[in-house]
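# Analysis of the macromolecular model
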2 protein chains.
Amino acid sequence: MTPRKKTAQTAKPPKSVKPAKPGLTRDSIIAAAMAIIDRDGYEELSMRKLGKELGVNPMSIYYHFPNKVALTDALIEVVMSSIDLSLDDPGRATEERLLNAAYIYRNALLAYPTLIPAMAGRAPRTIPGLRPVEVLISIFVESGMTVDDAFTSMSVLASFVRGAVAREVYTELELQNAGQQESFATALAGILSPVEFPNLVKVDARCEYLGSEAMFDRGARALIRGLLETYVSEKEED
Amino acid sequence: MTPRKKTAQTAKPPKSVKPAKPGLTRDSIIAAAMAIIDRDGYEELSMRKLGKELGVNPMSIYYHFPNKVALTDALIEVVMSSIDLSLDDPGRATEERLLNAAYIYRNALLAYPTLIPAMAGRAPRTIPGLRPVEVLISIFVESGMTVDDAFTSMSVLASFVRGAVAREVYTELELQNAGQQESFATALAGILSPVEFPNLVKVDARCEYLGSEAMFDRGARALIRGLLETYVSEKEED
DNA sequence: ACCTGAACACCGTTCAAGT
DNA sequence: ACCTGAACACCGTTCAAGT
């Protein structure tokens, strides 16, 4: 709050391009936060713990991020940007390219499962985060859709992936919480009335239906098929 | 507000089927929590605020629920159980029945948008919560699927609905935060290079693509179509 | 059986102050 | 410009105690 006399003299590099003094950086903070999330999960991340992890006063973080949600936004952007669709091969069949993209998206989300609730309905809003979006849209466009239908299709496919991965993660978490004890399916089977739940009872009886990944695979394939059949206008094979 | 000693006669019913003394009930706690969520959103729900809402010591709640996640589980069950598919009409076309079910699921989730992150990948685990699941499976079965494929299809459709609704809610929230200022789409359009983002730039140029509900509709239809075409074995029309 | 009060071990955030 | 310390207003939860 002092008047601040501005440049006592050349004394300091007048136009150094970067201050280059940090010690604490946005990036180092993000890295430390990711380390905590990797180790203990997102729900264990606190500003104070993060300060400790960085060997720094927790309040220092507030100089680099206005608050915790801004920090969380940054963490989510890291995950979003880790989706790399640059290896997409335009030579392959449309269905394959889309399925591949869905898997890559899925794997990126699975890498930070505890972040998933926080990511909920979020769409990427930065250049690196949008790159895979562009790729996805272009695949749809190349298959014969209008840009608008391609955008919608991309959005629908992304919604499915997020929803499916969320259930995948939650189910796995439930399974390991259940531990040794009887699977939830068999537990329910004993309770459900076959009169009111004739179909569910039959599913439970097999007890071991599909694994999460197989379910994801089938869902993604069906959705892709439906999207292509619905929005690709009839045209010659080239 | 007077103490009101409640029939001093008979001393006390020795074997009354229910204690019937509560004052504080699981149900009254749940109702109060829902009221807070309605008013301020789930993120504002705390045990202490809930105590105040009930006019009771916050710690009393711990007699009825072991902790906050157990309470949250109960709240989620309320939402899950509010999904009422009992009006499903087996006379209508399969696609219509499924689309209708998807909409009902969607509307139930939209009623408590702030609860959505907490609901993430959750599947219902109580009788009333499972009723709509049974209905959905039966629709697929009646259309000609095996029980297992029907289960998978139901699960896939549910994943899509949750994913789509999550994005819907988040997008709406972003829009109202943006308020008067230029829409995100147009803001991005100025930033994105048409060389790197040829398709996205075109989408943004129109600026106003589809609304959330229209997107949901198209996604649900495409997914339903894909599921039916993929898993309904060829058979005569009856 | 049902509820209370005090206490514990945490949170996120603000802000004046240090260098 | 970058970091610190103390303080504020909260949290969820435990537990001995009240009725």
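These figures come from a predicted structure and were not determined experimentally. (Residues numbered from 1 in each chain as written. Chains lettered and ligands numbered in written order. Predicted model: local features only at pLDDT ≥ 70, side-chain atom pairs only at ≥ 80, totals over all residues. Heavy atoms only, no water.)

## Focus: helix α1 (residues 26-40) of chain A
Residues and elements named next belong to chain A. Spanning 15 residues, α1 covers 21 Å between terminal C-alpha atoms, matching the ideal 21 Å at 1.5 Å per step. Every buried residue belonging to α1 is among I29, I30, A32, A33, M34, I36 and I37, and all of these are buried. Among the structural elements, α2 (47-54), α3 (61-64) and α4 (68-81) are those in contact with the buried residues of α1. Phi turns positive, to about 95 degrees, at G41, one or two residues after α1. (Helix = DSSP H or I, 4+ residues; strand = E, 2+ residues; numbered from the N terminus. Expected span 1.5 Å × (residues − 1). Buried < 20%, exposed > 50% of the residue type's maximum accessible area, 1.4 Å probe, protein only. Contact = heavy atoms within 4.5 Å.)

## Topic: the packing of helix α5 (residues 94-110) of chain A against helix α7 (residues 127-142) of chain A
Residue and element names in this part refer to chain A. The interhelical angle for the contact between α5 and α7, taken along N-to-C directions, is 165 degrees, at an axis separation of 10 Å. With respect to their mutual orientation, α5 and α7 come out roughly antiparallel. Handedness of the crossing formed by α5 with α7: left-handed. On α7, the residues that touch T94, R97, L98 and A101 of α5 are L136, I139, F140 and E142. Residue composition of the contact of α5 with α7, grouped by class: 5 nonpolar, 1 polar and 2 charged. (Axes fitted to C-alpha atoms, helices over the stretch in contact; angles between N-to-C directions. Parallel < 35°, antiparallel > 145°, perpendicular 65-115°, else oblique. Left-handed = near helix turned anticlockwise from the far one by under 90°. Nonpolar A, V, L, I, M, F, W, Y, C, P; charged D, E, K, R; others polar.)

## Examining the domain arrangement of chain A
Residue and element names in this part refer to chain A. Split by domain assignment, chain A resolves into domain 1 (26-66) and domain 2 (84-237). Listed per partner, the contact involves 6 residues of domain 1 and 5 residues of domain 2. When domain 1 packs against domain 2, the two sides together hide about 460 Å² of surface, and 69% of this comes from carbon and sulfur. Together, M34, I37 and Y42 form the three largest contributors to the area buried by domain 1 at its contact with domain 2, with a combined 69%. Across the side of domain 1 that touches domain 2, the residue classes break down as 3 nonpolar, 1 polar and 2 charged. (Domains from an automatic or database assignment. Buried area = accessible area lost by both parts, 1.4 Å probe.)

## Section: the interface of chain B and chain A
Opposite the 57 residues of chain B that make contact, chain A presents 57 residues. In total, chain B and chain A occlude about 5,500 Å² of area from one another, counting both sides; carbon and sulfur atoms represent 61% of this. Interface area lost by chain B to chain A is led by B:R125, B:E134 and B:R167, which between them contribute 13%. Counting across the chain B and chain A interface gives 8 salt bridges. Residues B:R218 and A:D149 are paired through a salt bridge, measuring 2.7 Å at the closest nitrogen-oxygen approach. Our count for the chain B to chain A interface comes out at 20 residue pairs in polar contact (both at pLDDT 80 or more). Put simply, the parts of the chain that give the side of chain B that touches chain A at least two residues each are α7 (127-142), α8 (147-178), α9 (184-191), α10 (198-206) and α11 (212-231) of chain B. (Salt bridge = Lys/Arg side-chain N within 4 Å of Asp/Glu carboxyl O. Polar contact = N/O pair within 3.5 Å; in protein donor to acceptor, adjacent residues only side chain to side chain.)

## Describing the relation of the copies chain B and chain A
When chain B is fitted onto chain A, the two copies agree to an RMSD of 0.0 Å after a turn of 180 degrees and an axial shift of 0.0 Å. On the angle and the small slide along the axis, the relation comes out as a two-fold axis. Here 100% of the interface residues in chain B have copies in chain A that are interface residues too; the copies meet face to matching face. (Least-squares fit on C-alpha atoms with pLDDT ≥ 70 in both.)

## Quick look at the confidence of the model for chain A
Averaged over every residue, the pLDDT of chain A is 86; the share at 70 or more is 82%. Below a pLDDT of 50 lies the segment residues 1-20 of chain A, which in the model reaches 0 contacts outside its immediate sequence neighbourhood of four places, other chains included. (pLDDT = per-residue confidence, 0-100.)

## So, the packing of aromatic side chains
Residues and elements named next belong to chain A. Across all of its chains, the model carries 4 aromatic pairs over all chains by this definition. Centre to centre, the rings of Y103 and F216 are 5.2 Å apart; their planes meet at 75 degrees, and the pair counts as edge-to-face. Residue Y103 is found in helix α5, and its partner F216 is found in helix α11 (residues 212-231); the two are separated by 113 residues along the sequence. Each of the two residues, Y103 as well as F216, counts as buried. Over the ring of F216 we find R106, and its NZ or CZ is 5.1 Å from the ring centre. (Phe/Tyr/Trp six-rings, centres within 6.5 Å; stacked < 30°, edge-to-face > 60°. Lys NZ or Arg CZ within 6 Å of the ring centre and 35° of its normal.)

## Looking at the pattern of salt bridges
Applying the stated criterion to the full structure yields 30 salt bridges over all chains. Linking A:R106 and A:E213 is a salt bridge whose minimum nitrogen-to-oxygen distance equals 3.8 Å. Placement of the pair is A:R106 in helix α5 and A:E213 in helix α11, with a sequence separation of 107 residues. Classification of A:E213 as partly exposed rests on a relative accessible area of 43%. Of the charged contacts in the structure, one is a salt bridge between B:D217 and B:R221, with a shortest N-O distance of 2.6 Å. Placement of the pair is B:D217 and B:R221 together in helix α11, with a separation of 4 residues, close to one helical turn. In this structure, a network of salt bridges that share partners links the residues A:R225, A:E229, B:R225 and B:E229.

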